[in-house]
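A structural walkthrough
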Amino acid sequence: MATILTVLLLINALMLIAVIVLQAGKSAGLSGAITGGAEQLFGRQKARGIDGLLHNLTRILAVTFMLLAMAVAYLVK
């Protein structure tokens, strides 16, 4: 059981890193480079929607990461 949770924790951590890197920073970061063409094509509403989705996904993945980390720590103990 601990092995399965550890693998899930690793997958969750990698997904969390990817979502954080894709978010727009002060200089629009990697998210601005990816959605640059979409912003011109679909307008600013699409870019805000993508940033909002990434923000919510970050929250979900962070909470899941904490819960999985506590579960792994409890089972290993």
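Residues numbered from 1 in each chain as written. Predicted model: local features only at pLDDT ≥ 70, side-chain atom pairs only at ≥ 80, totals over all residues. Heavy atoms only, no water.

1. Examining the overall build of the protein
Each helix and strand in the protein was counted, giving three helices and zero strands. Helices and strands in the protein line up, N terminus first, as α-α-α. A buried classification covers 18% of the 77 residues belonging to the protein. A separation threshold of at least 6 residues defines the contact pool for the protein, and within that pool the share at least 24 residues apart is 76%. Of the roughly 5700 Å² of accessible surface on the protein, a fraction of 72% belongs to carbon and sulfur atoms. (Helix = DSSP H or I, 4+ residues; strand = E, 2+ residues; numbered from the N terminus. Buried < 20%, exposed > 50% of the residue type's maximum accessible area, 1.4 Å probe, protein only. Contact = heavy atoms within 4.5 Å. Areas by Shrake-Rupley, 256 points an atom, 1.4 Å probe, with all protein chains shown as cover.)

2. Some remarks on helix α1 (residues 2-22)
The end-to-end C-alpha distance of α1 is 30 Å, a good match for the 30 Å that 21 residues give at a rise of 1.5 Å each. The set of residues buried in α1 consists of L5, L9, N12, A13, L16 and V19. When α1 is viewed along its axis, its buried side chains cluster within an angular range of 135° and face the same direction. Residues of α1 that are exposed and angled more than 90 degrees away from the buried face: T3, I4, L10, L14 and I17. (Expected span 1.5 Å × (residues − 1). Arc of directions from axis to C-beta.)

3. Some details on the environment of L10
Note on placement: L10 falls in helix α1. Considering only alpha carbons, one finds L10 and L68, 58 residues apart in sequence, at a separation of 9.7 Å.

4. Details of the confidence of the model for the protein
For the protein, per-residue confidence averages 83 on the pLDDT scale, and residues scoring 70 or more make up 70% of the total. When the elements of the protein are averaged for pLDDT, helix α2 (residues 29-42) gives the smallest value, 54, and α1 the largest, 96. (pLDDT = per-residue confidence, 0-100.)

5. Some words on the side chain of T58
Examined against the element boundaries, T58 turns out to sit in helix α3 (residues 44-76). Classification of T58 by relative accessible area gives buried; the value is 16%. A polar atom in the side chain of T58 sits 2.4 Å from the side chain of Q23. With sequence-adjacent residues up to four places away left out, T58 is seen in contact with L16, V19, I20 and Q23. (Polar contact = N/O pair within 3.5 Å; in protein donor to acceptor, adjacent residues only side chain to side chain.)

6. What about the environment of M1?
Mapped onto the elements of the fold, M1 is located in the segment before α1. We classify M1 as exposed; its relative accessible area is 69%. The spacing of M1 and V72 is 71 residues in sequence and 8.9 Å in space, taken between C-alpha atoms.

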